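As a plain string of letters, each chain reads:
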Amino acid sequence: MVKIVTFEPEEFEIAVVTYNRCEFVAEWLKHCYNEIRIRNIGLSIWDSSTNHDTQKYITAFNHENNTDIKYYHVNSETSVGYKPTFPLLNVRSKYVWIAGDSRYHDFAILDQKIFPYLKKDIDYIILHAVNNEENDGKIYTDKDSFLKECFVAITCIGLSIFKTSIFTPIRTNSLLRSQCDQKYKDNYGFGWIGYFLEMFALQNYKALFSVVPVLSINPDKKIQSWAKKFYRCWIEDLCNLLDGISEKYRGTNAVIKGTWKYLSLDRPSYCYEMRKSADLNPETLNKYKNNGMLQRVTKHTNRLERFANCTDEALEHCLKQEMLLEEKIFEELFLENLDKVKKKLEGNKLWIYGAGAGGRIAVKHFREHNIPICGMLDQNAEKIKFFEGLPVKMIHDINPDNSLIFISLFHWAAFVISSLTEHGIEKDKIFYIALDHM
């Protein structure tokens with residue numbers, strides 16, 4: 001049994017950043033407050049709501065439970081990217097975890113993998129929820145490697161624990177603070193990251209990367225507050241952020257391209273949703289083509305152009321055509337790599353991860369080549385049950401010792417690897433096709 005890690009007063013505080021989501025905060029407290037209390041972790045709420053629901057809830061919660069959760073209201077007009085700087089620059093505990101309101105963690109895992117490092121005086125911890133399992137537990141001392149391998153995870157509010165002394169220079173040096181404000185305060189998507197990376201480059205800090213699964217709160221109701229400024233975030237704000245730190249870090253241009261590729265930000269579903277929200281349109285696209293930013297994030301701009309320029313009436317057809325095109329390319333790549341799958345199959349049972357379009361293609365061609373399929377794997381197995389005549393199971397239902405997994409997802413295939421390896425599937429028994437060129 002893992003020992004519970006407890007903290008001294010003002011040693012560790014969790015700062016929850018929220019906006020008009022009182023029900024999320026209530027659910028978060030339901031799952032986390034008792035765990036926080038027994039570990040003597042401080043808690044504060046940094047709320048930029050346009051109503052008083054969250055404030056009223058926290059007041060009532062404190063009264064009913066004889067607790068002392070600190071509540072702060074942040075101007076609702078403050079940009080999303082700047083809001084986390086309020087707790088970063090004002091919390092006085094040794095460590096602060098900037099937590100979002102839409103996810104929570106298993107505290108037993110935190111006791112095992114994360115909290116002990118706070119006792120060892122680590123400077124920064126990034127808790128990644130997916131992928132990069134090969135770096136799980138890695139401590140970075142080189143800031144350039146840290147930026148390259150951890151940047152995507154850093155962009156997610158809620159997965160970072162900071163030693164607050166990192167920010168002492170901009171708390172005490174008004175000129176340095178002014179310089180950072182000029183570069184990052186108006187960065188809508190990622191402002192707080194600029195402040196952090198500027199400070200992180202000033203000394204030889206140590207950062208821990210740890211893969212820690214998260215549980216989502218009301219995922220069907222969660223709406224990203226920056227959804228209507230999607231490409232501003234992932235093109236303009238991304239480029240401006242990395243340009244701001246380029247004098248202190250090497251390889252920032254590669255990080256820009258790598259981030260776009262990793263997140264598959266030009267996949268059909270994103271293009272479709274952003275076109276519907278009017279974020280992807282000819283004006284936006286031309287702006288980023290003319291200023292050179294579009295070419296900095298991706299070479300593959302044809303799909304973005306097709307979605308941006310199609311009419312409202314043609315939008316559904318455009319989505320259908322792009323998905324058919326993607327399926328065709330996936331099928332071609334699958335056939336090119338079929339022999340590799342055959343060689344890996346010797347002595348193993350074949351499972352296909354993903355009961356969707358890619359899974360249908362994989363089933364079809366495995367059958368045509370007389371390759372036996374044991375079944376499908378999917379996180380929605382309980383709802384699907386059967387797919388193309390095959391049973392659909394969860395990862396924990398299979399024997400990791402004799403299973404070969406073919407991941408059939410068009411995008412995010414690498415995200416599945418963490419779950420598979422955690423279950424004991426060896427990496428050389430996991431196969432997937434990456435649509436790198438799309």
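Because the structure is a prediction, the values reported are computed rather than measured. Residue indices follow the written sequence of each chain, beginning from 1 at its first position. In keeping with the model being predicted, local features are shown solely for residues with a pLDDT of at least 70 and side-chain atom pairs are shown and tallied solely at 80 or more, while totals for entire chains, interfaces and linings include all residues. The side-chain quantities take in all heavy atoms of the structure and omit both hydrogens and water.

(A) Quick look at unusual backbone geometry. You will see that N20, though not glycine, has its phi angle at about 50 degrees, which is positive. You can see N20 is positioned in the loop between β1 (12–18) and α1 (22–38). In this structure, A278 is a non-glycine residue whose phi angle is positive, near 75 degrees. Secondary structure elements follow DSSP: runs of H or I of four or more residues count as helices, runs of E of two or more count as strands, with numbering from the N terminus. Here A278 is to be found in the loop between α12 (268–276) and α13 (282–290).

(B) The arrangement of the pattern of salt bridges in detail. By salt bridge we mean one thing: a side-chain nitrogen of Lys or Arg within 4 Å of a carboxyl oxygen of Asp or Glu. One pass over the full model with this rule turns up 24 salt bridges. For D237, the salt bridge is made with R232, and the minimal N-O distance between the two is 3.7 Å. Each residue gets one of three labels from its accessible area relative to the maximum for its type: buried under 20%, exposed over 50%, partly exposed in between, using a 1.4 Å probe on protein chains only. Judged by relative accessible area, D237 falls into the buried class, the value being 3%. Overall, R232 belongs to the partly exposed group, its relative accessible area being 27%. By sharing partners, the salt bridges in this structure join K94, D121, D123 and K163 into a single network.

(C) Focus on the sheet that holds strand β7 (residues 138–140). Here, any two strands with at least 2 DSSP bridges between them count as paired. The strand order across the open sheet formed by eight strands is β3-β2-β1-β4-β8-β6-β9-β7, and the pairing between neighbours is mixed. Since the sheet does not close on itself, it has two edges, and those belong to β3 (70–73) and β7, each with one partner. Taking each pair of neighbouring strands and ignoring which way they run, the sheet shows an average axis angle of 20 degrees. As judged from the four bridges shared by strand β2 (residues 42–47) and β3, these two strands associate in the parallel manner. Bridge pairing in β3 places I45 opposite Y71. α1 rests against β1 and β2 of the sheet, and its axis sits at about 165 degrees to β2. All axes are obtained by fitting lines to C-alpha atoms, using only the stretch in contact for helices, and the reported angles, taken between N-to-C directions, cover 0 to 180 degrees. Any two residues having at least one pair of non-hydrogen atoms within 4.5 Å are treated as being in contact.

(D) Quick peek at the environment of Y33. Turning to its location among the elements, Y33 is positioned in helix α1. For Y33, a relative accessible area of 14% corresponds to the buried category. Along the sequence, Y33 and I384 sit 351 residues apart, while their C-alpha atoms lie 35 Å from each other. Look past the residues within four positions of Y33 in its chain and what remains in contact with it is W28, L43, F61, T67 and I69.

(E) Main features of the sheet that holds strand β11 (residues 349–353). Pairing is mixed in the open sheet, where six strands are placed in the order β13-β14-β12-β11-β15-β16. At either end of the open sheet lies a strand with only one pairing partner, and these are β13 (386–387) and β16 (430–432). Bridge count for β11 against strand β15 (residues 403–407) is five bridges, and the pairing is parallel. Among the inter-strand pairings, Y353 is bridged to a residue of β15, identified as I407. The strands touched by helix α18 (residues 357–368) are β11, β12 (375–377), β13, β14 (390–393) and β15; relative to β11, the strand with the most contacts, the crossing angle is about 155 degrees.

(F) Layout of the side chain of D47. Among the structural elements, D47 can be located in strand β2. One buried charged residue, D47, forms no salt bridge at all, with the nearest opposite charge on K83 at 7.9 Å. Any N or O atom pair separated by 3.5 Å or less is treated as a polar contact, with the protein-specific requirement of one donor-capable and one acceptor-capable atom, and with residues adjacent in sequence counted only for side-chain atom pairs. A polar contact of 2.4 Å, which involves the side chain of D47, links it to the side chain of S49. Polar contacts involving the side chain of D47 include one to the side chain of Y71, which spans 2.7 Å. Within this scheme the basic residues Lys and Arg register as positive and the acidic residues Asp and Glu register as negative, but His and the chain ends are omitted.

(G) Up close: the state of the cysteines. The disulfide criterion is simple: two cysteine sulfur atoms within 2.5 Å. Tallied over the entire structure, the rule returns zero disulfides. Free of any disulfide, C32 has its nearest cysteine sulfur in C156, 15 Å distant. Overall, C32 belongs to the buried group, its relative accessible area being 1%.

(H) Structural view of the packing of aromatic side chains. Within 6.5 Å between ring centres, the rings of Phe, Tyr and Trp (the latter by its six-membered ring) count as paired, and their orientation is classed by plane angle as stacked under 30 degrees, edge-to-face over 60, tilted in between. Applying the stated criterion to the full structure yields 30 aromatic pairs. Judged by centre distance (6.5 Å) and plane angle (40 degrees), the ring pair of F167 and F196 falls under tilted. Remark: F196 occurs in helix α9 (residues 191–200) and F167 occurs in the loop between β8 (160–163) and α7 (168–172); sequence separation between them is 29 residues. For the pair F167 and F196, one class covers both residues: buried. An aromatic cluster is defined as three or more aromatic residues linked by ring pairs; in this entry it consists of Y124, Y140, F146, F162, F167, F196, F200 and Y205.

(I) Quick peek at the environment of A308. Relative to the assigned elements, A308 resides in helix α15 (residues 302–309). A relative accessible area of 3% places A308 in the buried class. It is 9.1 Å that separates the C-alpha atoms of A308 and M274, two residues lying 34 residues apart in sequence. Excluding anything up to four places from it in sequence, A308 contacts R275, L280, N281, P282 and L285.

Just distances and angles here, no functional claims.
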